Amino acid sequence: MKLFPNKKEKSYSIIVGCGRLGANLAGALYDKGANVLIIDNNKESFRKLSPSFGGISLLGDATDFFVLNESDIKNATAVVAVTNNDNTNILVAQIAKELFHIPHVIARLYDPERECVYHELGIDTICPAVLSAKEVDRILNMGEVTEEAI
Amino acid sequence: MKRRIFLIGGFNETTSLAKSLIKKGYRVTAINDDRGKCNALAEIEHLTVFVGDGTKPFVLEDADAYNADIAIALTDHDADNLVICELCKKKFHIKKTVALISDPKKTEFFYRMGIDSVVCAITAIANIIEQQAFLDEMATLVPIGDGRINIAQVPVAATAPVVDKKLWEINLPKEVIIGCVLRGEHSIVPRGDTRILAGDMLVLISSAKQEMAAIKELTGR
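Residues numbered from 1 in each chain as written. Chains lettered and ligands numbered in written order. Predicted model: local features only at pLDDT ≥ 70, side-chain atom pairs only at ≥ 80, totals over all residues.

Student: In this structure, what is going on with the overall build of chain A? I would like to understand it.
Tutor: The secondary structure content of chain A amounts to five helices and six strands. Starting at the N terminus, the α and β elements of chain A follow one another as β-α-β-β-α-β-α-β-α-β-α. Taking all 150 residues of chain A together, the buried fraction comes to 36%. Put simply, 48% of the contacts in chain A that link residues at least 6 apart link residues at least 24 apart. (Helix = DSSP H or I, 4+ residues; strand = E, 2+ residues; numbered from the N terminus. Buried ≥ 20, exposed ≤ 12 C-beta atoms within 10 Å, placed from the backbone. Contact = placed C-beta atoms within 7 Å.)

Below is the structure:
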């Protein structure tokens, strides 16, 4: 039996960086039935993956072309860069977009200030600080609304 | 107005570059995220030093990157250097950006991302070492006079550019002479009209400075 019987039709996501976000995301995507490969340069990081994760984990530096080729990045439909280093995420995202023309490239940036530069390259960025701020704002506003309702 | 150059990250490279650029009359600004290194850099005369992470836009802004002419990224991390150069290019519109990289395979990619000049230290060093190694292989050196003068034995391969040329046709540097030609069992003290054949062994007497140029001229490598 093949590991991925109908690989061509399925989406194939590569996640770079096996931190809390990377590991959770990998688990969630796998549960939805996608092919998932996760790269990290530290073997210990893979312990964060949930036991039910059945995708591939690849040990190596994702900014190294050799490792990227090994991950079969050419056939990926999405690349998500979520290491703990903004600049590494940017480098990985740009390689994925410019050299391998991956349709969906997402980079996580801790520092929202750099975002403007990368938007024009077609790289989607998510910034936890901005998202958290929005969410806090939403919850606070919600509180106001309910108070008014009462 | 003096041209302004930004040196971001790195320490040894920044120190020596800053000194030579200041001597040449540029206005140099160094940015480093290590306070201790900044203190050391600050001892260089006429060098402006900023403490901060050069990959952050506000640090570059504080250092007045809008008015820089050249930005050189010298950190140890390829990713940081890429980000520095892209910020400099896109946000601060600096005309020329230079990045140091450690992975030679990324050179082409960096050029593609719009960086004007990519310097790969490893490739440069490898080339120098290779040259030295080749030199050892094809010439035996005997340094005399405290190493100011070298006597070198240079074999002439069939592919060498000097094959079938007369001595006076060869464009040797000034402080170099061919003292002897060893051909098979014979040794010839050459004159201007002596023809060099493939398989000859040339005994070269040269000043240490000119010897590389001479060997290159003779062997083509």
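Student: Hey, could you run me through unusual backbone geometry in this one?
Tutor: What you tend to see is this: most non-glycine residues have negative phi, and most peptide bonds are trans. Of note in the backbone geometry, His101(A) takes a positive phi value of approximately 50 degrees without being a glycine. Overall, the presence of 9 C-beta atoms within 10 Å leaves His101(A) in the exposed class. For Asp164(B), which is not a glycine, the phi torsion comes out positive at approximately 70 degrees. On the secondary structure map, Asp164(B) appears in the loop between strand S8 (149-155) and strand S9 (176-183). With 11 C-beta atoms counted inside 10 Å, the residue Asp164(B) sits in the exposed group.

Student: Would you mind showing me how to read the domain arrangement of chain B here?
Tutor: Often, the extent of an interface is quoted as the loss of accessible area upon association of its parts. For chain B, the domain assignment lists domain 1 (4-125) and domain 2 (139-219). Taking the mean C-alpha position of each, domain 1 of chain B and domain 2 of chain B sit 44 Å from one another. (Domains from an automatic or database assignment.)

Student: Looking at this model, I keep getting lost on the pairing of S8(B). Mind explaining?
Tutor: All names here are of chain B. Across the two faces of S8 the burial differs, with Asn150, Ala152 and Val154 buried and Ile149, Ile151, Gln153 and Pro155 not buried at all. Direction of pairing for S8 relative to strand S11 (residues 201-207): antiparallel, over a ladder of seven bridges. Paired with Gln153 across the bridge in S11 is Val203. (Pairing = 2+ DSSP bridges.)

Student: What am I meant to see in the interface of chain A and chain B here?
Tutor: At the interface, 15 residues of chain A touch 18 residues of chain B. The residue inventory of the side of chain A that touches chain B, partitioned by class, reads six nonpolar, five polar and four charged. (Nonpolar A, V, L, I, M, F, W, Y, C, P; charged D, E, K, R; others polar.)

Student: Mind showing me how you'd approach the sheet that holds strand S5 (residues 104-108) of chain A here?
Tutor: Strands pair in a sheet through their backbones, by hydrogen bonds, and they do so in one of two ways: parallel or antiparallel. Residue and element names in this part refer to chain A. As summarised here, the arrangement of the six strands in space is S3-S2-S1-S4-S5-S6, forming an open sheet in which the pairing is parallel. Strands with a single pairing partner mark the edges of an open sheet, and in this sheet they are strand S3 (56-59) and strand S6 (124-126). Between one strand axis and the next, the sheet turns by 20 degrees as a mean value, whatever way the strands run. Note that strand S1 (residues 12-16) and strand S4 (residues 78-81) share four bridges and pair parallel. The residue bridging Ser13 from the neighbouring strand is Ala78, located in S4. The strands touched by helix H1 (residues 20-31) are S1, strand S2 (35-40), S4 and S5; relative to S2, the strand with the most contacts, the crossing angle is about 165 degrees. (Axes fitted to C-alpha atoms, helices over the stretch in contact; angles between N-to-C directions.)

Student: Even after reading the chapter, I still don't get the sheet that holds strand S4 (residues 70-73) of chain B, so can you show me in this structure?
Tutor: Residue and element names in this part refer to chain B. Read from one edge of the open sheet, six strands run S3-S2-S1-S4-S5-S6, paired in parallel fashion. The open sheet is flanked by strand S3 (48-51) and strand S6 (117-120), the only strands paired with a single partner. Across the sheet, the mean angle from the axis of one strand to that of its neighbour is 15 degrees, orientation sign disregarded. Pairing geometry for strand S2 (residues 27-32) and S3, over four bridges, is parallel. Bridged to Asn32 within S3 is Val51. The sheet contacts of helix H1 (residues 12-23) involve strand S1 (4-8) and S2, and relative to S2 the element is tilted by about 165 degrees. Of the strands in this sheet, S1, S4 and strand S5 (96-101) are in contact with helix H4 (residues 78-91), which crosses S5 at around 175 degrees.

Student: Can you help me understand the environment of Ile139(A) in this one?
Tutor: All names here are of chain A. Examined against the element boundaries, Ile139 turns out to sit in helix H5 (residues 128-149). Residue Ile139 is classed as exposed on the basis of its 9 C-beta neighbours within 10 Å. Spatially, the C-alpha atom of Ile139 lies 24 Å from that of Leu25, the residues being 114 residues apart in sequence.

Student: Is there a simple way to explain the nonpolar core in this structure?
Tutor: Across soluble globular proteins, nonpolar side chains show a tendency to be buried alongside one another. All names here are of chain B. In terms of nonpolar packing, the biggest core is built from 70 residues, with Phe6, Ala71 and Ile72 touching the most fellow members. Among the elements that line this core, the one with the most residues is H4, at seven residues. The contact partners of Ile72, leaving out residues within four places of it in the chain, are Ile5, Phe6, Leu7, Ile8 and Val98. Ala152, Ala160, Val162 and Ile178 belong to the second largest nonpolar core, which has 14 residues in total. (Core = buried A, V, L, I, M, F, W, Y, C linked by C-beta atoms within 7 Å.)

Student: What is the right way to read the confidence of the model for chain B from this model?
Tutor: Should the pLDDT be low somewhere, the predicted coordinates at that spot are not to be read in detail. Residues and elements named next belong to chain B. Residues at a pLDDT of 70 or more form 95% of chain B, whose mean pLDDT is 85. Looking across chain B, the model is least confident in strand S7 (residues 140-144), with a mean pLDDT of 71, and most confident in S4, with 94. Scored as a whole, the predicted complex attains pTM 0.71, and scored at its interfaces, ipTM 0.79. (pLDDT = per-residue confidence, 0-100.)

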